[in-house]
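# Remarks on the overall topology
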Amino acid sequence: MSGAEQRVTLASGAAFDVVPGQSILDAALQAGIVLEHSCRSGRCGSCEGQVLAGGTAPLGGEPALDAARHSAGWVLTCMRTVDGQPVRLAIEPVPLHLPPAKLVPSKIASLERVAPDVLRVRLRLPPQQPLHWRAGQYVDVAGPSGIRRSYSIANRPRAEPLIELHVRAVPGGSFSAYWFGQARPGDLLRLHGPLGSAVLREPQDRPLVLLATGTGIAPVKAMLEEIAARDERERPPTIHVFWGNRRRSDFYWDPAMLPLVQQFTPVLSGVDHGWTGRRGWVQHAAVESGVPLADAAVHACGSARMVDDARRMLVAAGLDPRRFHADAFLPSSSNHGKPS
Ligand SMILES: Cc1cc2nc3c(=O)[nH]c(=O)nc-3n(C[C@H](O)[C@H](O)[C@H](O)COP(=O)(O)OP(=O)(O)OC[C@H]3O[C@@H](n4cnc5c(N)ncnc54)[C@H](O)[C@@H]3O)c2cc1C
Ligand code: FES
């Protein structure tokens with residue numbers, strides 16, 4: 001350890017060194033220790049933990065941390081670095097191996113409009129610079145004007161070096177303007193990833209509940225593909241998918257195509273007089289479905305409102321909060337300049 005680095009020790013006794021200015025989260029991941037995380041910009045709260053000893057210094061705002069937790073010494077590890085003293089944190093590392101994040105160039109292989117405001121983008125990676133990822137992870141994409149946005153990977157890794165993204169148009173959005181206006185096959189885009197810890201946990205011996213809104217179906221598709229590629233004995237006993245959209249034309253993919261899925265419930269939130277299926281919100285549909293939540297593992301991807309409500313409602317209905325994993329598609333406007 002050089003003089004400048006400081007040691008951070010976790011509840012389990014696992015320890016790693018942090019260079020001043022480096023986030024505690026990044027240093028842990030670099031040392032092969034996985035801490036729960038999603039947005040890496042202080043907005044989702046999944047990387048929070050309590051400081052038991054030592055000091056930390058902020059790298060930016062921590063909007064996801066409430067005042068009570070802040071006063072009780074909680075921090076967001078993605079937004080904190082060391083402050084000259086060894087640190088002890090009351091956080092358990094996640095028993096997972098995640099491939100290290102790296103920067104790779106990619107080229108747009110195809111762009112396909114799959115719903116009125118959704119594009120399926122396929123990015124080709126150079127065969128000599130393969131990217132390894134786990135289903136459920138995302139990449140940060142740097143566009144031609146230097147804007148960076150996060151997009152979940154919608155396919156499992158295969159021999160062919162292709163990454164599939166599902167991109168929704170956000171009205172007035174900077175990256176949306178590029179995807180839906182200027183992007184062409186052959187364009188070069190820089191990727192940083194894979195990122196995020198909302199991947200399938202082992203062993204897969206519990207009912208699996210997958211909740212998505214909009215393009216939140218992208219990581220769900222990747223997870224289902226990963227499960228389909230496994231031996232039957234290593235698959236969850238049951239899989240239940242709840243996908244919410246405003247319009248019926250937004251259901252651009254059919255999870256029931258995969259014979260793995262016992263129950264697929266499309267849930268419509270907008271007005272459509274001809275719709276005979278479930279209406280309302282996916283989190284309500286999941287709670288009312290009769291899935292044994294006390295025993296289940298849940299992954300939720302999509303709008304921050306759905307993720308927050310789902311966590312609260314499913315935990316109140318008996319789910320162990322440690323088995324709720326999520327990526328909230330938070331607006332990225334505050335991470336324009338985030339280094340990748
Ligand atoms: C971990 C993670 C994974 C993500 N995965 C995906 C994905 O797979 N597919 C996908 O389409 N998007 C995904 N997103 C969202 C994506 O990163 C961008 O935020 C989104 O595409 C908007 O970018 P933009 O540049 O077009 O809009 P911006 O220029 O960032 O925003 C324009 C305006 O719209 C608002 N806004 C931005 N996003 C939203 C939103 N979701 N809801 C309401 N208002 C919004 C902003 O606050 C701003 O006022 C993900 C986000 C995160 C954090
Ligand atoms: S707040 Fe740290 S990963 Fe989201």
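Scroll up a little and you will see the structure.
Quick caveat: nothing in here was measured; it's all calculated off a predicted structure.

Scanning the chain for helices and strands turns up six helices and 19 strands. The C-alpha atoms of the chain give 20 Å as radius of gyration, which agrees with the globular expectation for 340 residues (20 Å, within 12%). The buried share of the chain, reckoned over its 340 residues, is 42%. The long-range share in the chain, meaning contacts at least 24 apart out of those at least 6 apart in sequence, stands at 69%.

Note that Ile-227 resides in helix α4 (residues 217–228). Residue classification places Ile-227 among the buried positions, given that 21 C-beta atoms sit within 10 Å. Not counting residues within four places of it along the chain, the set of residues in contact with Ile-227 comprises Arg-235 and Leu-260.

What follows deals with the sheet that holds strand β15 (residues 239–245). Taken in spatial order, the six strands line up as β17-β16-β15-β14-β18-β19 in an open sheet, and their pairing is parallel. Unpaired on one side and paired on the other, β17 (278–279) and β19 (324–328) mark the two borders of the sheet. Two elements, strand β14 (residues 208–213) and strand β18 (residues 297–302), share five bridges in a ladder whose sense is parallel. For Leu-211, the partnering residue across the bridge sits in β18 and is Ala-300. Against the sheet, α4 contacts β14, β15, β18 and β19, and its axis sits at roughly 150° relative to β14. The sheet strands contacting helix α6 (residues 304–316) are β14, β15, β18 and β19, and the helix crosses β19 at an angle near 165°.

In this model, Gly-193 is joined to Pro-194 through a cis peptide bond whose omega is 0°. Structurally, the position occupied by Pro-194 is in strand β13 (residues 188–195). Looking along the chain, the bond that leaves Glu-202 and enters Pro-203 is cis, with omega of -10°. Positionally, Pro-203 belongs in the loop between β13 and β14. Even without being glycine, Arg-40 reaches a positive phi, approximately 60°. On the secondary structure map, Arg-40 appears in the loop between α1 (24–30) and β3 (48–53).

Within a regular beta strand, the side chains point alternately toward one face of the sheet and then the other, so they alternate between its two faces. Counted residue by residue, β15 has seven buried out of seven residues, so it is predominantly covered. Side chains Ile-239, Val-241, Trp-243 and Asn-245 project from β15 onto one buried face, and the interleaved His-240, Phe-242 and Gly-244 project onto a second face that is buried too. Sheet analysis places β14 next to β15, joined by six bridges and oriented parallel. Across the sheet, residue Ala-212 finds its bridge partner in β15, namely Trp-243. As judged from the six bridges shared by β15 and strand β16 (residues 263–268), these two strands associate in the parallel manner. Paired with His-240 across the two strands is Gln-263, which belongs to β16.

The rules we used
- Residues numbered from 1 in each chain as written.
- Chains lettered and ligands numbered in written order.
- Predicted model: local features only at pLDDT ≥ 70, side-chain atom pairs only at ≥ 80, totals over all residues.
- Helix = DSSP H or I, 4+ residues; strand = E, 2+ residues; numbered from the N terminus.
- Rg over C-alpha atoms; globule rule 2.2 N^0.38 Å.
- Buried ≥ 20, exposed ≤ 12 C-beta atoms within 10 Å, placed from the backbone.
- Contact = placed C-beta atoms within 7 Å.
- Pairing = 2+ DSSP bridges.
- Axes fitted to C-alpha atoms, helices over the stretch in contact; angles between N-to-C directions.

Remember that the coordinates give geometry; whether it matters functionally is a separate question.
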